[in-house]
Amino acid sequence: MKDVITLAIESSCDETACAILKNGREVLTNIISTQIETHKKFGGVVPEVASRKHIENIDVVVQQALEEANLGFGDITHIAVTYGPGLVGALLVGLSYAKALAFSLGIPFVGVNHIEGHLSANYIVDNDLKPPFITLIVSGGHTHLVEVKDYGVYEILGKTKDDASGEAFDKIARAMNLGYPGGPIVDRLAKNGNPHSVEFPRACINEDGYDFSFSGLKSSVLNHLNSCKMKGIEIVPEDICASFQAAVVDVLVNKTIKACKDKNYNIVTLSGGVAANSALREKMKQTCDENGLKLCYPPLVLCTDNAAMIGCAGYYRYINGRRDGMELNAVPNLKIDKG
Ligand code: KG4
Ligand code: ZN
């Protein structure tokens with residue numbers, strides 16, 4: 001059978017990315033142009049600025065990807081592109097580019113759900129991985145616990161009722177003036193802190209369902225910081241980071257393992273930017289080992305936003321017969337079980 005070559009585009013937030021994959025799981029190239037430096041001075045992503053940067057960068061990353069893979073447009077079988085969820089202006093840049101490219105080359109294109117992209121990063125890492133399994137998707141915009149029943153068949157078991165886990169990391173870092181994005185900085189500082197210095201709340205941990213909540217934890221950290229300030233107590237950022245991180249990790253691990261036991265799954269995968277967190281990886285690994293569960297997570301570059309994961313998800317959509325038309329629009333609040 002002829003190889004399927006997927007050219008994938010991702011532009012849902014602050015990374016403009018293009019990847020080329022062979023038969024869905026072999027990454028020939030994975031180019032990521034990040035806008036972090038641009039948004040740093042604002043303490044978060046500015047949507048309008050992100051859209052403009054995507055317009056500047058998209059052609060550059062596509063050309064770079066083709067060069068690095070030593071391929072021409074004529075070698076591409078189909079295009080895969082993120083069409084939601086994300087920032088509408090940012091999504092529209094990638095989607096319009098993908099449509100124009102597919103139209104001019106006369107090849108099909110498929111829209112990909114960004115969250116499905118994140119979990120699909122695991123297929124690239126582990127060639128033997130196939131559904132069914134439980135996946136925890138934790139990023140700046142999402143915190144989802146999902147049953148992957150088959151390729152493209154998902155059931156959401158739980159999600160956050162308020163802030164996403166990555167958002168909580170970013171907000172805590174911002175409150176302590178640590179920089180942006182907060183996750184990697186908190187992770188680094190926490191390595192030298194005491195996770196028991198403050199016992200922050202573990203919301204929902206004893207509830208029956210699989211939902212999460214991080215806004216109470218965030219408020220609790222902010223209150224603690226304020227109260228220390230008012231009482232003139234010295235704040236040790238390392239200790240706050242370690243204690244906050246331990247609270248997040250405890251809840252994420254606890255709910256994931258509970259889902260596996262309740263639903264009789266023996267494989268767990270992690271994905272999304274927060275899956276890069278060293279404490280989460282460590283504790284999840286240890287707990288999976290104790291419970292005889294197999295754990296898979298992507299390398300750091302495939303945890304945060306990238307187009308390789310979109311290409312992998314797009315490949316499975318493509319071989320399952322999905323084709324999208326020029327009428328496909330960006331869907332900023334696209335749900336994982338709704339397209
Ligand atoms: O997946 P991603 O690149 O974008 C979204 O789809 O949201 O995730 C970005 C999020 C940010 O909130 C960032 O702070 C967080 O992932 N993150 C981390 C770490 N690396 C990135 N959070 C905790 N620990 C990390 N090492
Ligand atoms: Zn993402």
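Residues numbered from 1 in each chain as written. Chains lettered and ligands numbered in written order. Predicted model: local features only at pLDDT ≥ 70, side-chain atom pairs only at ≥ 80, totals over all residues. Heavy atoms only, no water.

The protein carries the name tRNA N6-adenosine threonylcarbamoyltransferase in an unreviewed UniProt entry, which gives Peptostreptococcus porci as its organism. In the Catalytic activity (unreviewed entry) part of its UniProt record, the protein is described as follows: "L-threonylcarbamoyladenylate + adenosine(37) in tRNA = N(6)-L-threonylcarbamoyladenosine(37) in tRNA + AMP + H(+)". Of the comments in the UniProt record for the protein, the one headed Subcellular location (unreviewed entry) reads "Cytoplasm". (UniProt positions renumbered as here; feature names shortened; annotations may be inferred.)

The subject of this paragraph is the pattern of salt bridges. Pairs may arise between side chains of opposite charge once their charged atoms sit close together. What the rule picks out here adds up to 18 salt bridges. D250 is the partner of K283 in a salt bridge, and the nearest nitrogen-oxygen pair spans 2.8 Å. Here K283, found in helix α9 (residues 278–290), pairs with D250, found in helix α8 (residues 237–263); they are 33 residues apart in sequence, far enough to count as distant. Relative accessible area serves as the criterion here: at 33%, K283 is assigned to the partly exposed category. Where salt bridges share partners, they join D163, E167, K171 and K218 into one cluster. (Salt bridge = Lys/Arg side-chain N within 4 Å of Asp/Glu carboxyl O. Helix = DSSP H or I, 4+ residues; strand = E, 2+ residues; numbered from the N terminus. Buried < 20%, exposed > 50% of the residue type's maximum accessible area, 1.4 Å probe, protein only.)

The subject of this paragraph is the packing of aromatic side chains. According to the stated counting rule, one finds seven aromatic pairs in the structure shown. On the basis of an interplanar angle of 10° and a centroid distance of 6.1 Å, the ring pair of F212 and F214 is categorised as stacked. Residue F212 shares its accessibility class with F214, and that shared class is buried. Through pairs of rings, three or more aromatic residues link up here, namely Y123, F133, Y151, Y315 and Y316. (Phe/Tyr/Trp six-rings, centres within 6.5 Å; stacked < 30°, edge-to-face > 60°.)

UniProt tags H114, H118 and D305 as "binding site: Fe cation" (unreviewed entry). These residues run over 192 residues, yet every pair of their C-alpha atoms falls within 8.9 Å of each other. Lining the largest pocket, from the residues just named, are H114, H118 and D305. Note that H114 resides in helix α4 (residues 114–125). Discounting chain neighbours no more than four positions away, the residues touching H114 are E10, S12, T82, G84, P85, H142, D305, M309 and I310. At 3.0 Å, the side chain of H114 and the side chain of E10 are in polar contact. Mapped onto the elements, D305 comes out in the loop between α10 (300–303) and α11 (308–319). By relative accessible area, D305 is classed as buried at 13%. In this view, D305 contacts E10, S12, C13, E15, I32, H114 and H118; residues no more than four positions away in its chain are not counted. A distance of 3.1 Å separates the side chain of D305 from the side chain of H114, its partner in a polar contact. (1 Å grid on protein atoms, 1.4 Å probe; cavity = no way out; pocket = protein on both sides within 12 Å on 5 of 7 lines; lining within 4 Å. Contact = heavy atoms within 4.5 Å. Polar contact = N/O pair within 3.5 Å; in protein donor to acceptor, adjacent residues only side chain to side chain.)

The subject of this paragraph is the layout of surface pockets. When its volume is computed, the largest pocket comes out at roughly 1,200 Å³. In terms of lining residues, the largest pocket is bounded by 44 residues, among which D14, G140, D170, Y180 and P181 are the most central. Elements with a contribution of two residues or more to the lining of the largest pocket: β3 (26–34), α4, α5 (165–175), α6 (182–190) and α10. Top contributing element to the lining of the largest pocket by residue count: α5, with six residues. Residue classes in the lining of the largest pocket are distributed as 17 nonpolar, 19 polar and eight charged. Roughly 340 Å³ of internal volume is contained in the second largest pocket. What lines the second largest pocket is a set of 17 residues, and nearest its centre among them are P195, Q245, A246, A279 and K283. (Points joined across faces, edges and corners; volume = space filled by probe spheres on them. Nonpolar A, V, L, I, M, F, W, Y, C, P; charged D, E, K, R; others polar.)

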